[in-house]
Amino acid sequence: MERYECGRVILPAAIRESVVRHGEKEEWLYGSGTILVAVSGGCDSVALLVILAALVERRRLVVAHLEHGMRGQESLEDAAFVRRLATSLHLPFSSRQTNITRRKERHESGEQCGRRLRYAFLEQAGTAHGASWIATAHIEDDQVESILFNIARGSGLDGLQGIARKRGRIIRPLLDIDKETLRAFLLENGYTWKEDHTNRDIRYSRNYIRAVLIPGFDSVNSGARKHILSLGKEAEERVLWDRRWAEARISAIRHTLPFGLDCWRQEALRRREDPALQILFRVGAERLGLPTLERKRLEELIALLRRSASWRFQWKEDFELFCGKGMIVWGKRCMLDLLPSCPLRSGVNGRFRWGPWEIRLDVGCAGATSGEVQSGWTTCFAVEPDEEVLLRPVSGGLPKKKRRAVPWWARAQWPVVLCGDGRWWVPYWGGRNGKSDGNPSAQKSNHVRMIRLNMSLGPDSAHAACGQAPEKG
């Protein structure tokens, strides 16, 4: 086997070529950006650190270790081992102690909690050290386990891709290299590592896959691992194609309603076949950072889309899809929380927030005509100095028949402007009562004022539409 000498380290050609090829492609191998290297002390992470120290300028490397408090003295010894390794390579060392058992959230397994805390620590340490990249020691064996694990939990095509080689600033330089190759590399170069005895406990799902399922596949076909990895590559290519196809279609079905996280036209979706709808919903969720639904749930959503014009569907936790008036909106459940009434002071100019809305009030606007609508978001009224002008949500501000222009899912937070003499206006949807057009108020008083109201949704409105109280500004 061909080998390369990198300083005092002898690198097998297969390792060097794989790491260099992906490092150049992902643009982290060269340059000046800091790389935070996650090192647990096990074989894979020790190999990752030694390989990067051989191929990358060492001034760019920082070693990071999370002591998770799961194995008592053994965990402390692992932390000390990693510190000594970092010192021997003349690299800075960053660590933190935690306790996974005490920090588990409701319905969270120890594995899930450990993963959450580990990545939170790495992101924080990366930011503290100004890291451009965070390198983790996932290897080919982990990829096989992840694909099988995702099949078992019903994650669909997305799960068949396994572990992403690069996600944000997270990089995985060893994803094409198997454990036996790394063990041989470390032994040849005189490096040791720590063994975690909990990795042999098959009560943990990934350990069971590693110790029982994968050997079972090997007994059926000695090339099973390679076939599983090949399946993952095919899934990755298909998901990439699906994503590009869906991105183009989503732009065509999108409705430009600035409320909620995204808005699609229901009729445009209904014209699509079911497989195309599954792709569109899957990519739509991905764009919003939501998890993929299992196939059965997607089928339930598509059936709902086809049979009903008004519905809601829970995607995950407080994220839902709302349908009404021919539109499907992705949003948070808090969009249905009723906003409080808000009196407008017709004698005072200013801006303020009302829930997700930014409102500008101009008093004495020259050249304006009562009842005039400058745009879907701006209107003018003539009002007496003591006349009440009230801002209320459509749900509580209009009779039921007059609410129908506004979709049901928007009525709790969509504004209606109410004047004391019975005039009202709903921005965007065009609903208004021109009872006082012609400015009859001016006939009653010489002190009438023209006010212009401008409504707009704040830049964070998609996430902040949650029944906030008015904020004066």
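Parameters at a glance
Residues numbered from 1 in each chain as written. Predicted model: local features only at pLDDT ≥ 70, side-chain atom pairs only at ≥ 80, totals over all residues. Heavy atoms only, no water. Helix = DSSP H or I, 4+ residues; strand = E, 2+ residues; numbered from the N terminus. Buried < 20%, exposed > 50% of the residue type's maximum accessible area, 1.4 Å probe, protein only. Areas by Shrake-Rupley, 256 points an atom, 1.4 Å probe, with all protein chains shown as cover. Pairing = 2+ DSSP bridges. Contact = heavy atoms within 4.5 Å. Axes fitted to C-alpha atoms, helices over the stretch in contact; angles between N-to-C directions. Core = buried A, V, L, I, M, F, W, Y, C linked by side-chain atoms within 4.5 Å. Parallel < 35°, antiparallel > 145°, perpendicular 65-115°, else oblique. Nonpolar A, V, L, I, M, F, W, Y, C, P; charged D, E, K, R; others polar. Expected span 1.5 Å × (residues − 1). Salt bridge = Lys/Arg side-chain N within 4 Å of Asp/Glu carboxyl O. Disulfide = S-S within 2.5 Å.

Please provide a residue-by-residue account of the overall build of the chain, values included.
Along its length, the chain carries 17 helices and 22 strands. Expressed as a percentage of the 473 residues in the chain, the buried residues total 49%. Carbon and sulfur atoms form 49% of the exposed surface of the chain, whose accessible area is close to 23,600 Å².

So what about the sheet that holds strand β6 (residues 131–135)? Which residues, and what values?
The strand order across the open sheet formed by 6 strands is β5-β4-β3-β6-β8-β7, and the pairing between neighbours is mixed. Looking at which strands have only one partner, the edges of the open sheet turn out to be β5 (93–97) and β7 (166–167). Across the face of the sheet, helix α2 (residues 43–55) comes into contact with β3 (34–38), β4 (61–67) and β6 while running at roughly 155° to β3.

If you had to explain the nonpolar core to someone new, which residues and values would you point to?
Across soluble globular proteins, nonpolar side chains show a tendency to be buried alongside one another. Counting 41 residues, the largest nonpolar core has Trp28, Ile35, Ile51, Leu182 and Phe185 as its most contacted members. Mapped onto this core, the elements with two or more residues apiece are β2 (9–12), α1 (13–25), β3, α2, β4, α3 (73–88), β6 and α8 (179–188). When residues in this core are grouped by element, the largest group, 11 residues, is from α2. Residue contacts for Ile51: discarding those within four places in its chain leaves Leu11, Ile15, Val19, Leu174, Leu182 and Phe185. Residues Cys263, Trp354, Val406 and Trp414 belong to the second largest nonpolar core, which totals 36 residues.

Quick rundown of the packing of helix α6 (residues 140–152) against helix α10 (residues 224–253)? Include the residues and the values.
Where α6 meets α10, the axes come as close as 10 Å, and the angle between the chain directions of the two elements is 70°. As far as their axial angle goes, α10 and α6 are roughly perpendicular. Seen from α6, the contacting residues are Glu140, Asp141, Gln143, Val144, Ile147 and Leu148; seen from α10, they are Arg225, Lys226, Ile228, Leu229 and Gly232. Broken down by class, the residue content of the contact of α6 with α10 amounts to 5 nonpolar, 2 polar and 4 charged.

Tell me what's going on with α10, and back it up with residues and numbers.
With 30 residues, α10 ought to run about 44 Å at 1.5 Å a step, and its terminal C-alpha atoms sit 42 Å apart, in line with that. Regarding α10, the residues found buried are Ala224, Ile228, Leu229, Gly232, Ala235, Val239, Asp242, Trp245, Ala246, Ile250 and Ile253. As for α10, its buried residues are in contact with α6, α7 (156–160), α9 (205–220), β9 (262–265), α11 (266–270) and α12 (274–287).

Give me the pattern of salt bridges: which residues, what numbers.
Applying the stated criterion across every chain, the model contains 22 salt bridges. Among the ionic pairs, Arg297 bridges to Glu300, the shortest N-O distance being 3.3 Å. Taken together, the positions of Arg297 and Glu300, both in helix α13 (residues 295–307) and 3 residues apart, correspond to about one turn of that helix. The exposure class assigned to Glu300 is partly exposed, which follows from its relative accessible area of 36%.

Tell me about unusual backbone geometry, and name the residues and values.
Note on backbone geometry: most residues besides glycine have negative phi, and most peptide bonds are trans. Positive phi outside glycine occurs at Glu27, with the angle close to 65°. For Glu27, the position within the fold is in the loop between α1 and β3. The phi dihedral of His90 falls on the positive side, at around 60°, and the residue is not glycine. Here His90 falls in the exposed class, since its relative accessible area comes to 68%.

If you had to explain the state of the cysteines to someone new, which residues and values would you point to?
Applying the stated rule across the entire model yields 0 disulfides. Counting only cysteine sulfurs, Cys263 is the nearest neighbor of Cys323, a cysteine outside any disulfide, at a range of 9.6 Å.

I'd love a proper account of the sheet that holds strand β11 (residues 319–324), names of residues and values included.
The strand order across the open sheet formed by 4 strands is β9-β12-β11-β10, and the pairing between neighbours is antiparallel. A single partner strand is all that each edge strand has here, and the edge strands are β9 and β10 (311–316). If you compare each strand with its neighbour and ignore which way they point, the axes differ by 20° on average.

I'd like a description of the packing of α10 against α12, backed by residues and values.
Orientation of α10 relative to α12, taken along the N-to-C sense of each, is 85°, at an axis distance of 9 Å. Relative to α12, the element α10 lies roughly perpendicular. Side by side, α10 and α12 meet where Arg238, Asp242, Arg243, Trp245, Ala246, Glu247, Arg249 and Ile250 of the first sit next to Ala276, Ile279, Leu280, Arg282, Val283, Gly284, Glu286 and Arg287 of the second. Partitioned by chemical class, the residues of the contact of α10 with α12 number 7 nonpolar, 1 polar and 8 charged.

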